[in-house]
Amino acid sequence: MRILVASHTYIVDLNREKLRALAVAEPGIEVTVVVPSRWKPGGVQNKTVETQFLQEGSFQVVPVSNFSQNNQGLLTFGADLIGLLRRFRPQIIQVEQGSRSLAYAQLIALNRLLGLKAKTLFFTWWNLPYDLKWPVSLLEAYNLRNTDGLVAGNQDGADILRQRGYQGPVKVMPQLGVDETLFRPQPQPELRGELGINPDDFVVGFVGRFVEEKGLLTLGKALAGLRDFPWKWLLLGRGPLQPVLAEQAAELGIQDRLIFVESVPHDGVHRYINLMNVLVLPSETTYKFKTLTAAGWKEQFGHVIIEAMACSVPVIGSDSGEIPHVIGDAGLVFPEGNAESLQNCLRQLIESPALAADMAKRGYQRAMANYTNRALAKQLLDFYKELMAI
């Protein structure tokens, strides 16, 4: 099976592990990844990344000239894409730029013009209701009408596109998996000592952006009601809410239990997760209007959840967006914004080591079965086979 995947996401080598796993999942699979030859990951003010050709057996990354170097929706490719398509003749074309992508429309059109007869599909993270104006509405309608399959990063994204008229096959799975060779159970006694965490401290952890929609103020209120227990609150990340969190902690009398850690590279995050007795993702939905231009947010997945699961760390999450689907029956879920309910979840784990151990075991098994790059590659290949059989 010849598979072509196009996305700016894969200019980063770390993000390619799922596709590497796909290339070796079965004999006879060839995977070509099309990436823009020049891209500015952080926007127009950031340094331009110039991508390089890579060949690893049946897996290759091919930079293709591109128009727009910082806008996902406007990304399109140059004429060298045509030569690549003629040589490779993919049977599967997957574009991971969303339903309103010009690049996806371009690949659909070239698939027809070149007579490739490949199955076309796209990936989307978008999980909020929206309205579109002309001509973007026509672009999305064209893409959906010519789509053989849809891969959505969350159930809300799949449901929204169903409501917008797509009736074909759907697979719900994240874009990127967890690296189980890095994120694994690994005690960190030295780091624990460096951070001043006592042997009997129950470590409540958070990893991510310090912003209001991540529900950190709710988590602070929940922890304030558990002063009778020995615990520390470990926050790994950065963001504008940090001084507000410090002020809240002082008002609640828990400032001496707060530990901020900033500027940790991704390949060091697992060390801090392994310090935690529980990881909490208390995200809170903020959108109010059904329009693409309205400000709003809802948790699209919560990748840190599967990283914690892979480390055998119990997880607690709010019911915002995809979080309950990611956790399944392997952790605890509470109504978003409900500090009392979150406090009850934390109390259960502090008071019941047996429950915590059971959640850690179930979370690890769930991560290994569903969320490693190898597991995602297997799910994706099965979906491709389903499409090829139609």
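Below you will find a few notes about this structure. Predicted model, so just to flag it, every value in this text is computed and none were measured.

**Remarks on the overall build of the protein chain**
For step 1, the next point in the chain: From N to C terminus, the protein chain includes 14 helices and 18 strands.
For step 2, the next point in the chain: Radius of gyration (C-alpha) of the protein chain: 22 Å, near the 21 Å computed for a compact globule of 390 residues.
For step 3, the next point in the chain: Overall, the protein chain is about 70 × 45 × 40 Å in size when its C-alpha atoms are taken along their principal axes.
For step 4, the next point in the chain: Counting all 390 residues of the protein chain, 53% fall into the buried class.

**Focus on the nonpolar core**
For step 1, the next point in the chain: With 63 residues, the main nonpolar core has Leu-216, Leu-219, Trp-233, Ile-273, Ile-316 and Leu-346 as its most contacted residues.
For step 2, the next point in the chain: A total of six residues in this core trace back to one element, the largest contributor, which is helix α10 (residues 303–310).
For step 3, the next point in the chain: Contact partners of Leu-346, with chain neighbours within four places excluded, come to Val-204, Leu-219, Ala-222, Leu-223, Leu-226, Val-278, Val-280 and Ile-316.
For step 4, the next point in the chain: Within the second largest apolar cluster, 56 residues are counted, among which are Trp-39, Leu-114, Phe-122 and Leu-144.

**Observations concerning helix α2 (residues 80–88)**
For step 1, the next point in the chain: Among all positions of α2, only Leu-81, Leu-84, Leu-85 and Phe-88 are buried. What you see down the axis of α2 is that its buried residues fit within an arc of 100 degrees, all on one side. More than 90 degrees from the buried face of α2, the exposed residues found are Arg-86 and Arg-87.
For step 2, the next point in the chain: Tucked inside the fold, the buried residues of α2 contact β1 (2–6), β2 (30–36), β6 (59–64), β8 (76–77) and α3 (102–113).
For step 3, the next point in the chain: Among the residues trailing α2, Arg-89 stands out with phi positive, at a value near 45 degrees.

**Observations concerning the layout of surface pockets**
For step 1, the next point in the chain: By volume, the largest pocket is sized at about 1,200 Å³.
For step 2, the next point in the chain: Along the wall of the largest pocket there are 39 residues; nearest its centre are Leu-176, His-266, His-303, Val-304 and Glu-307.
For step 3, the next point in the chain: Of all the secondary structure elements, the ones that give two or more residues to the lining of the largest pocket are α1 (17–23), β13 (202–209), β14 (231–238) and α10.
For step 4, the next point in the chain: Taken together, the residues of the lining of the largest pocket sort by class into 17 nonpolar, eleven polar and eleven charged.
For step 5, the next point in the chain: In this structure, the second largest pocket encloses a volume near 510 Å³.
For step 6, the next point in the chain: Lining of the second largest pocket is provided by 21 residues; of these, Gln-72, Gly-73, Gln-97, Gly-98 and Arg-100 occupy positions nearest its centre.
For step 7, the next point in the chain: Secondary structure elements with two or more residues in the lining of the second largest pocket: β10 (119–124) and α4 (136–145).
For step 8, the next point in the chain: Within the lining of the second largest pocket, the residues separate by chemical class into eight nonpolar, eleven polar and two charged.

**Quick notes on the pattern of salt bridges**
For step 1, the next point in the chain: Tallied over the entire structure, the rule returns 15 salt bridges.
For step 2, the next point in the chain: The partner of Arg-16 in a salt bridge is Asp-13, with the nearest N and O atoms 3.0 Å apart.
For step 3, the next point in the chain: With a shortest N-O distance of 2.6 Å, Glu-26 and Lys-385 are connected by a salt bridge. On the criterion of sequence distance, the pair formed by Glu-26 in the loop between α1 and β2 and Lys-385 in helix α14 (residues 373–388) is long-range, its members being 359 residues apart.
For step 4, the next point in the chain: A cluster of three or more residues bridged by salt bridges with shared partners is formed by Asp-13, Arg-16, Glu-17, Arg-20 and Glu-56.

**Here we look at the packing of aromatic side chains**
For step 1, the next point in the chain: Counted under the stated rule, the structure contains seven aromatic pairs.
For step 2, the next point in the chain: Aromatic pair Phe-123 and Trp-125: ring centres 5.2 Å apart, planes at 85 degrees, arrangement edge-to-face.
For step 3, the next point in the chain: Judged by centre distance (6.3 Å) and plane angle (90 degrees), the ring pair of Trp-126 and Tyr-130 falls under edge-to-face.
For step 4, the next point in the chain: A residue is classified by how much of its surface remains accessible, and Tyr-130, at 5% relative accessible area, is buried.
For step 5, the next point in the chain: Through pairs of rings, three or more aromatic residues link up here, namely Phe-123, Trp-125, Phe-301 and Tyr-371.
For step 6, the next point in the chain: Over the ring of Tyr-130 we find Arg-100; its NZ or CZ atom is 4.5 Å from the centre of that ring.
For step 7, the next point in the chain: The positively charged end of Arg-257 is found above the aromatic ring belonging to Trp-231, 4.6 Å away from the centroid.

**Points about the environment of Val-264**
For step 1, the next point in the chain: Examined against the element boundaries, Val-264 turns out to sit in the loop between β15 (258–261) and α9 (269–273).
For step 2, the next point in the chain: Once residues lying within four places of it in the same chain are set aside, the contact partners of Val-264 are Leu-236, Val-269 and Tyr-272.

**Notes on the sheet that holds β13**
For step 1, the next point in the chain: The sheet built from six strands is open, its strands ordered β15-β14-β13-β16-β17-β18 with parallel pairing. The open sheet has two free edges, formed respectively by β15 and β18 (332–334), since each of these has just one partner strand. Strand-to-strand, the axes of this sheet are offset by a mean angle of 20 degrees, without reference to chain direction.
For step 2, the next point in the chain: Of the strand pairs in this sheet, strand β17 (residues 315–318) and β18 are connected by three bridges, and their pairing is parallel. Each bridged residue has a counterpart across the sheet, and for Gly-317 the counterpart in β18 is Val-333.
For step 3, the next point in the chain: Packing of α10 onto the sheet brings it into contact with β13, β16 (278–281) and β17, and relative to β16 it is tilted by some 170 degrees.

**Some words on the packing of α3 against α4**
For step 1, the next point in the chain: In contact at an axis separation of 10 Å, α3 and α4 are set at 45 degrees when each is read in the N-to-C sense. Considering their axes alone, α3 and α4 lie oblique with respect to each other. For the pair α3 and α4, the sense of crossing is left-handed. Judged by residue contacts, Leu-102, Tyr-104, Ala-105, Ile-108 and Ala-109 of α3 engage Leu-139, Tyr-142 and Asn-143 from α4.
For step 2, the next point in the chain: Looking at the contact of α3 with α4, its residues break down into seven nonpolar, one polar and no charged.

Conventions and cut-offs
Residues numbered from 1 in each chain as written. Predicted model: local features only at pLDDT ≥ 70, side-chain atom pairs only at ≥ 80, totals over all residues. Heavy atoms only, no water. Helix = DSSP H or I, 4+ residues; strand = E, 2+ residues; numbered from the N terminus. Rg over C-alpha atoms; globule rule 2.2 N^0.38 Å. Buried < 20%, exposed > 50% of the residue type's maximum accessible area, 1.4 Å probe, protein only. Core = buried A, V, L, I, M, F, W, Y, C linked by side-chain atoms within 4.5 Å. Contact = heavy atoms within 4.5 Å. Arc of directions from axis to C-beta. 1 Å grid on protein atoms, 1.4 Å probe; cavity = no way out; pocket = protein on both sides within 12 Å on 5 of 7 lines; lining within 4 Å. Points joined across faces, edges and corners; volume = space filled by probe spheres on them. Nonpolar A, V, L, I, M, F, W, Y, C, P; charged D, E, K, R; others polar. Salt bridge = Lys/Arg side-chain N within 4 Å of Asp/Glu carboxyl O. Phe/Tyr/Trp six-rings, centres within 6.5 Å; stacked < 30°, edge-to-face > 60°. Lys NZ or Arg CZ within 6 Å of the ring centre and 35° of its normal. Pairing = 2+ DSSP bridges. Axes fitted to C-alpha atoms, helices over the stretch in contact; angles between N-to-C directions. Parallel < 35°, antiparallel > 145°, perpendicular 65-115°, else oblique. Left-handed = near helix turned anticlockwise from the far one by under 90°.

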